[in-house]
Amino acid sequence: MTEIPEHLRKRAEAAKAKAQGAAGGGDAPAGDAPAAASGDEKIPSHLLDRGTAAGDQPAPAAGGPAAPTGGSGPDGHNQRLLTVVKSGSIQDTKATPQDKVHVWPHLLLAEFLAALAVTLFTLLFSIFVNAPLLELADFNKTPNPSKAPWYFLGLQELLTMFHPMVAGVTIPGIGLFVLILAPYIDKNPSKRPEDRKFAISLMTVHLMFWAVLVMIGSFFRGPGFNFIFPWNSGLFFEL
Amino acid sequence: MADEKKPAGQALQEQLGQLTDQVQGSQAWSSIFRPGSIFRKGYNDSPRNRSYVIMNSVLYHLHPVKVKRHAVKVSYTLCLGGLSFFLFILLTVTGIFLMFFYRPTAAQAWDDIQTLQTAVGFGLLVRNMHRWAAHLMVLSVFLHMARVFYHGAYKPPREFNWVIGVMLLQFTLLLSFTGYLLPWDQLALWAVTVGTNMMGFTPVFGEQVRFVLLGGVEIGTDTLLRWYTLHVLMLPFVVVIFMAIHFWRVRKDGGISGPL
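Conventions adopted
Counting of residues starts from 1 at the beginning of each chain's written sequence and follows it residue by residue. Here chains are named by letter from A upward and ligands by number from 1 upward, in the order in which they appear as written. Reporting of local features is limited, given that this is a predicted model, to residues whose pLDDT is at least 70; pairs of side-chain atoms are given and counted only at 80 or more, and all residues count toward the totals for whole chains, interfaces and linings. Just so you know, side-chain values use all the structure's heavy atoms and leave hydrogens and water out. Residues belong to one nonpolar core when they are buried, are Ala, Val, Leu, Ile, Met, Phe, Trp, Tyr or Cys, and are joined through side-chain atoms within 4.5 Å. Note on exposure labels: buried denotes an accessible area under 20% of the residue type's maximum, exposed denotes more than 50%, and partly exposed covers the range between, all computed with a 1.4 Å probe on protein chains only. Elements are defined by DSSP. Helices are runs of H or I of four residues or more, strands are runs of E of two residues or more, and each kind is numbered from the N terminus. Whether two residues are in contact is decided by their heavy atoms, any of which lying within 4.5 Å being enough. Side-chain rings of Phe, Tyr and Trp, where Trp is taken by its six-membered ring, are said to pair if the distance between their centres is within 6.5 Å; with planes under 30 degrees apart they count as stacked, over 60 as edge-to-face, and otherwise as tilted. In our convention, an over-ring charge means Lys NZ or Arg CZ found within 6 Å of a ring centre and within 35 degrees of that ring's normal. Reported domain spans reflect what an automatic or database domain assignment gives. Buried area: the accessible surface (1.4 Å probe) lost by two parts on joining, summed over both. Take a side-chain nitrogen of Lys or Arg and a carboxyl oxygen of Asp or Glu: if they are within 4 Å of each other, that pair is a salt bridge. Think of a polar contact as two N or O atoms within 3.5 Å of one another; within protein, one of them needs to be a possible hydrogen donor and the other a possible acceptor, and neighboring residues in sequence only count if both atoms come from side chains.

Visitor: It is not clear to me how the nonpolar core should be interpreted in this structure. Could you clarify?
Guide: Within soluble globular proteins, side chains that are nonpolar tend to cluster in buried spots. Formed by 38 residues in total, the largest nonpolar core has its most connected members in Met145, Trp162 and Val239 of chain B. At the level of elements, helix H6 (103-128), helix H8 (164-185) and helix H9 (197-219) of chain A together with helix H6 (80-99), helix H8 (123-150), helix H9 (159-181) and helix H12 (221-252) of chain B are the ones that each hand at least two residues to this core. For this core, the element with the highest residue contribution is H8 of chain B, accounting for 9 residues. Residues contacting Met145 of chain B, with those up to four places away along its chain left out, are Leu179, Met203 and Leu207 of chain A together with Trp162 and Leu169 of chain B. Residues Ala137 and Tyr151 of chain A together with Tyr180 and Tyr228 of chain B belong to the second largest nonpolar core, which totals 34 residues.

Printed below as a string of structure tokens:
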């Protein structure tokens, strides 16, 4: 894998031979750095490179006496301190580890059950309630009232109050534009409800505005799109 | 085990075991299931296997191995985003079924629906499901948006995902609206007439917008073909792309927001 520099290999071989000669050395500290000192190709190459770069100048002076004759290290090994890495500098230890759970089963099970519930609800509802299919489309017979799909009934309701361009384009256009830009308008960094009273009130008013309009358009508008009470005049609403 | 008393049962069990080993050791099996998949060696509940369920299945595209503990609380999300996605799948499945029996022309559309409801097995049921699921999806997407707003989940770093989400809401409405015309009954025709008249009031190029949408100056068989193509192909295609970005950003922005 990596090419071991000549002087290191020689030193390691010498050390190995010496260790075999005196097999009974102390074995307790040998476990500390077996990979670094054993001389096999277990030293990470980048460490080796750094070691040789740093050791180029002092190597003849320091390595000369150390390699063949030293014998001072445990188990006959000679070790050199390359660098000291403090734990904080490369390990990014967070002060508060996040409390996490496995997606399986905790999340997937909930998702599966929710999907099952919705499927069952749709199925049962579809068994008992039929989707409307009125008579064939006829351009000569305008139903009274003519209503848009329920989610557009708020717009249709606005049409009774404003010029069509204001009701159909300007107001929903501005509403949508502001909605899209909400995260760029709302600079408040807090997510806690008690810090966001204004944003929450504004959104609630906005949602209620449309909800009320849709309700009125759906249930309180009869023939001629005139205002009616459904409990007096009946329901003019198809889904 | 009761089988251990009976030698015949034991032999059968051994044979079954051998067969299982053979199947699980075959090249075909190991080419289908990734190393570490629970289908290679069976599943027993351990933290490692819990991770493998996600890591070695296609679900890894959607979910990380672990999420924040509060993120699995149903009371936080009410499952609304996931259910919107699920309803989209349900609508795709039921919609494909409906496509087999439907021709988008003014002369045939209504008759096809009528035939579907009376002469096709489960035709009425599937059409009902498609319709109700569509209304439900509009509702769930809308509620999902409200939920996200009230949790302040659109705040940095999730601003752009909010923008994508509002787009998805509009595409959902458009999908529902284009589907509204297809039965070609009185409800469809006049609801769409009201809707497209509104769009005709777009300033400057209102007439052109209306012309493009209707494929002519008034609603007709060209409109039906146009809206059918939008409904079954173009809008779903766009929605799938936006959903992919939406889900990807959920994970890239650090999972779902909160806790408050």
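Visitor: Explain the side chain of Asn56 of chain B here, please?
Guide: Residues and elements named next belong to chain B. By the element assignment, Asn56 lies in the loop between helix H4 (47-55) and strand S1 (66-68). A relative accessible area of 14% places Asn56 in the buried class. Those residues in contact with Asn56, other than ones at most four positions away along the chain, are Arg34, Pro35, Gly36 and Ser37.

Visitor: Before we go on, may I ask you to explain the packing of aromatic side chains in this structure?
Guide: Any pair of aromatic rings gets described here by the distance separating the centres and the angle formed by the planes. Under the defined criterion, the tally for this structure stands at 24 aromatic pairs over all chains. Judged by centre distance (5.6 Å) and plane angle (35°), the rings of Tyr102 of chain B and Tyr228 of chain B are tilted. Of this pair, Tyr102 of chain B sits in the loop between H6 and helix H7 (109-119) while Tyr228 of chain B sits in helix H12, and the two are 126 residues apart along the sequence. Classification of Tyr228 of chain B as buried rests on a relative accessible area of 14%. Through a chain of ring-to-ring contacts, three or more aromatic side chains come together here, namely Trp150, Tyr151 and Phe152 of chain A together with Phe177 and Trp227 of chain B. In this structure, Arg196 of chain A packs its charged tip against the face of Phe149 of chain B, placed 5.5 Å from the ring centre. The residue whose ring lies beneath Arg131 of chain B is Tyr180 of chain B, and the NZ or CZ to ring-centre distance is 4.9 Å.

Visitor: Please clarify how unusual backbone geometry should be interpreted in this entry.
Guide: Note on backbone geometry: most residues besides glycine have negative phi, and most peptide bonds are trans. For the bond running from Asn144 of chain A to Pro145 of chain A, omega is 0°, close enough to zero to count as cis. Secondary-structure assignment places Pro145 of chain A in the loop between H6 and helix H7 (153-159). The omega angle of the peptide bond from Gly258 of chain B to Pro259 of chain B is 0°, so this bond is cis rather than trans. In this fold, Pro259 of chain B is placed in the segment after H12. In this structure, Phe122 of chain B is a non-glycine residue whose phi angle is positive, near 60°. Structurally, Phe122 of chain B can be placed in the loop between H7 and H8. The class of Phe122 of chain B is exposed, set by a relative accessible area of 64%. Look at Trp184 of chain B: it is not a glycine, yet its phi comes out positive at around 55°.

Visitor: Would you mind going over the domain arrangement of chain B with me for this structure?
Guide: Many analyses report the size of an interface as the accessible area lost when the parts associate. Domain annotation of chain B identifies domain 1 (22-58) and domain 2 (74-252). Taking only C-alpha atoms, the centre of domain 1 of chain B and the centre of domain 2 of chain B are 38 Å apart.

Visitor: Can you help me understand the interface of chain A and chain B in this one?
Guide: In this assembly, 72 residues from chain A lie in contact with 73 residues from chain B. Contact with chain B buries area across many residues of chain A, yet His102, Leu133 and Lys191 of chain A alone supply 10% of it, more than any other trio. Between chain A and chain B we count 2 salt bridges in total. With its nearest N and O atoms 2.6 Å apart, the salt bridge here joins Arg69 of chain B to Asp99 of chain A. Our enumeration of links across chain A and chain B arrives at 33 residue pairs in polar contact (both at pLDDT 80 or more).

Visitor: When you look at the side chain of Asn128 of chain B in this model, what are you seeing that I'm missing?
Guide: On the secondary structure map, Asn128 of chain B appears in helix H8. Take Asn128 of chain B: its relative accessible area is 0%, and that puts it in the buried class. Within the structure, the side chain of Asn128 of chain B is placed 2.8 Å from the side chain of Asn130 of chain A, a separation counted as a polar contact. Filtering out sequence-adjacent residues up to four positions away, Asn128 of chain B remains in contact with Ser126, Val129, Asn130 and Ala131 of chain A.

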